Amino acid sequence: MFADAQTKILFVGNSLTYTNNLPLLVEKIAKEDGTSIVTEMIAFPNYALEDHWNETQVSSALARTKYDYVILQQGPSAMPASRTNLVEYALKFSQLCRKSKAKVCLYTVWPSRERNFDFLNVIKSYAMAADTAGGRALEAGLAWKKILDENEDFPLYSSDDFHPTMHGSLLSAMVIYATLFQKNNFDFLKLENLSSKSITEAELDLMKNVALGVSNN
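Below is a short write-up of the structure. (Residues numbered from 1 in each chain as written. Predicted model: local features only at pLDDT ≥ 70, side-chain atom pairs only at ≥ 80, totals over all residues. Heavy atoms only, no water.)

### Observations regarding the side chain of glutamine 73
Test applied: Numbering of helices and strands runs from the N terminus; a helix is a DSSP stretch of H or I covering at least four residues, while a strand is a stretch of E covering at least two. With a 1.4 Å probe rolled over the protein chains alone, any residue whose accessible area is under 20% of its type maximum counts as buried; one over 50% counts as exposed, and the rest are partly exposed. Pairs of N or O atoms are called polar contacts if they sit within 3.5 Å, as long as, within protein, a hydrogen donor faces a hydrogen acceptor (for residues adjacent in sequence, only side-chain-to-side-chain pairs). Note on definitions: a residue-residue contact is assigned when non-hydrogen atoms from the two residues lie within 4.5 Å.
Turning to its location among the elements, glutamine 73 is positioned in the loop between β3 (69-72) and α5 (80-98). Overall, glutamine 73 belongs to the buried group, its relative accessible area being 0%. Of note is the side chain of glutamine 73, whose polar atom sits 2.8 Å from the side chain of threonine 17. If we ignore the near neighbours within four places in the chain, the residues touching glutamine 73 are Val12, Gly13, Asn14, Leu16, Thr17, Leu49, Tyr107, Val109 and Tyr126.

### Topic: the pairing of strand β1 (residues 7-13)
Under the convention used in this document: A strand pair is defined by DSSP finding two or more bridges across the two strands.
Counting buried positions over the 7 residues of β1 gives 6, a clear majority of the element. Bridge analysis of β1 against strand β2 (residues 37-43) gives 7 bridges, and the strand direction is parallel. The partner of leucine 10 across the bridge, within β2, is glutamate 40. In the sheet, β1 pairs with β3 via 4 bridges, with the strands oriented parallel. Directly across from leucine 10, in β3, lies its bridge partner valine 70.

### Points about the environment of serine 112
As for its position among the elements, serine 112 is in the loop between β4 (103-107) and α6 (119-133). C-alpha separation for the pair serine 112 and aspartate 160, spaced 48 residues apart in sequence, amounts to 8.7 Å. If near-sequence neighbours (up to four positions away) are discounted, serine 112 is found in contact with Tyr157, Asp161 and Phe162.

In short, shape yes, function no, at least from these values alone.
Okay, here's the thing in structure tokens:
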């Protein structure tokens, strides 16, 4: 769809986006696949979408640049009040994005390890926000759940039991890329090109399979 031009993607979020530089990981995956994309990121610690709305950097970026996709993210938002907030501001941003014809996506995250019982509520919150905004959920959180349901010790969580390891960020990046570009394989993605010595071939193969399964639902 974008063979003749770079795809421009704006990531809007907090530390769950900027940890391990998620946008750059998506760029690296795209490069291995021969796809030309360019990403920008507006992300600050502990920010919700409401904070981004009030702070205006995102609206200024949308006014000066024509993006193909705007990917929105806040915290897990599993509780009723935070779910309502997520849905409300996803809708506000979607209305702003519509003026420049940017497609809105919601980057589904995950709960902290101690609240792993909330996975389905997080997934539901982001699905509701995507539906209300007329966009699509990029279901990284669902991919996390599928892996952790089979192996609770798989190294997706960092030492604080909330932020992602490189495994967690790469899995999220694969879900994002496969969903946006409708990929049905990751044959092009090789471990030696990922610049991460912490990931094994077996782990990468598992993450590929789960990411594709989630992205092609």
